[in-house]
Amino acid sequence: EADEASLVRTLAAAKARVVELGDDHGLCEGLEAAILGLKPGEARVVVASGEFASRETDAAAPDALHRSAVELVEVIGRDAPDDVDDALDRCAKAAARGDALAAAGNWRRAEALRTRALGALEEALADL
């Protein structure tokens, strides 16, 4: 409990980082999932293990452990695609990253990435 409180206190001194969720940002899957569940102004300590503790570019280790504090300061809107071809290109890039994860045996992360890619495509096409 005291360790969690000290982790959250470090957020006041931490430099804010802008991250586009679902992109190749270097966050572990567990941290990204936790951020998706936050509302602006909320903070929490995130503990992720196994495949969820690894970054997309790292091999998933069954004994991996990630622990950090995170605060969602604000949600910034994503740049809308220019046209249908741009929306399809964005989806294809994310799907290719998902395929690479599947080929490496990271099935859960591959599924999450491909699901987000299709959701982003659906959203983008609705906005065009």
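Since this is a predicted model, take the numbers as computed values, not measurements.

A. Expanded view of the overall build of the chain. Scanning the chain from N- to C-terminus turns up four helices and two strands. Reading the secondary structure of the chain in the N-to-C direction produces α-α-β-β-α-α. Overall, the chain is about 50 × 35 × 20 Å in size when its C-alpha atoms are taken along their principal axes. Expressed as a percentage of the 128 residues in the chain, the buried residues total 32%. Of the contacts made within the chain by residues no fewer than 6 positions apart, 59% connect residues no fewer than 24 positions apart.

B. Layout of the confidence of the model for the chain. Chain-level pLDDT for the chain is 80 on average; 93% of the residues reach the 70-or-more range. Ranking the elements of the chain by mean pLDDT puts helix H1 (residues 2-9) last, at 70, and strand S1 (residues 43-49) first, at 89.

C. Examining the layout of surface pockets more closely. Estimated volume of the largest pocket: approximately 1700 Å³. Along the wall of the largest pocket there are 50 residues; nearest its centre are Val18, Val19, Glu20, Leu21 and Ile76. Looking at the lining of the largest pocket, the elements that each hand over two or more residues are helix H2 (29-36), strand S2 (65-71), helix H3 (84-103) and helix H4 (107-127). With nine residues, the top contributor of residues to the lining of the largest pocket is H4. Grouping the constituent residues of the lining of the largest pocket by class yields 28 nonpolar, four polar and 18 charged.

D. Local environment of the side chain of serine 68. Its place among the elements puts serine 68 in strand S2. Here histidine 66 takes part through its side chain, which lies 3.0 Å from a polar atom of the side chain of serine 68. Residues within four places of serine 68 in sequence aside, it is in contact with Leu7, Leu31, Arg44, Val45 and Val46.

E. Representation of a nonpolar patch on the surface in the model. Judged by side-chain polarity, Val84, Leu88, Leu125 and Leu128 come together as a nonpolar surface patch covering roughly 320 Å² of accessible area. Tracing the backbone shows valine 84 in helix H3.

F. Representation of the nonpolar core. Ranked by size, the top nonpolar core spans 12 residues in total: Leu27, Cys28, Leu31, Ala34, Ile35, Leu38, Val46, Ala48, Ala53, Ala64, Val70 and Leu72. Sorting the residues of this core by element identifies H2 and S1 as the ones contributing at least two each. Per-element accounting of this core gives the leading share, three residues, to H2. Core analysis: the next-biggest nonpolar cluster, separate from the first, contains six residues, Ala87, Ala94, Leu121 and Ala124 among them.

G. Local environment of H2. Counting buried positions along H2 yields six of eight residues, so the element is predominantly enclosed. All buried positions along H2 are accounted for by Glu29, Gly30, Leu31, Glu32, Ala34 and Ile35. Buried-residue contacts for H2 involve S1, S2 and H4.

H. Inspection of H3 at higher detail. Counted at 1.5 Å a residue, the expected span for H3 with its 20 residues is 28 Å, and the 28 Å between its end C-alpha atoms agrees. For H3, the set of buried residues is Asp86, Ala87, Cys91, Ala94, Ala95, Arg97, Gly98, Leu101 and Ala102. In this structure, the buried residues of H3 make contact with H4. At the N-terminal end of H3, a side-chain oxygen is found 3.2 Å from the backbone nitrogen of aspartate 85, two or three residues along, and the residue is aspartate 83. Glycine 105 sits one or two residues past H3 and shows a positive phi near 90°.

What counts, and at which threshold
Residues numbered from 1 in each chain as written. Predicted model: local features only at pLDDT ≥ 70, side-chain atom pairs only at ≥ 80, totals over all residues. Heavy atoms only, no water. Helix = DSSP H or I, 4+ residues; strand = E, 2+ residues; numbered from the N terminus. Buried < 20%, exposed > 50% of the residue type's maximum accessible area, 1.4 Å probe, protein only. Contact = heavy atoms within 4.5 Å. pLDDT = per-residue confidence, 0-100. 1 Å grid on protein atoms, 1.4 Å probe; cavity = no way out; pocket = protein on both sides within 12 Å on 5 of 7 lines; lining within 4 Å. Points joined across faces, edges and corners; volume = space filled by probe spheres on them. Nonpolar A, V, L, I, M, F, W, Y, C, P; charged D, E, K, R; others polar. Polar contact = N/O pair within 3.5 Å; in protein donor to acceptor, adjacent residues only side chain to side chain. Patch = residues over 30% accessible without salt bridge, like charges linked within 9 Å, V, L, I, M, F, W, Y side chains within 5 Å. Areas by Shrake-Rupley, 256 points an atom, 1.4 Å probe, with all protein chains shown as cover. Salt bridge = Lys/Arg side-chain N within 4 Å of Asp/Glu carboxyl O. Core = buried A, V, L, I, M, F, W, Y, C linked by side-chain atoms within 4.5 Å. Expected span 1.5 Å × (residues − 1).

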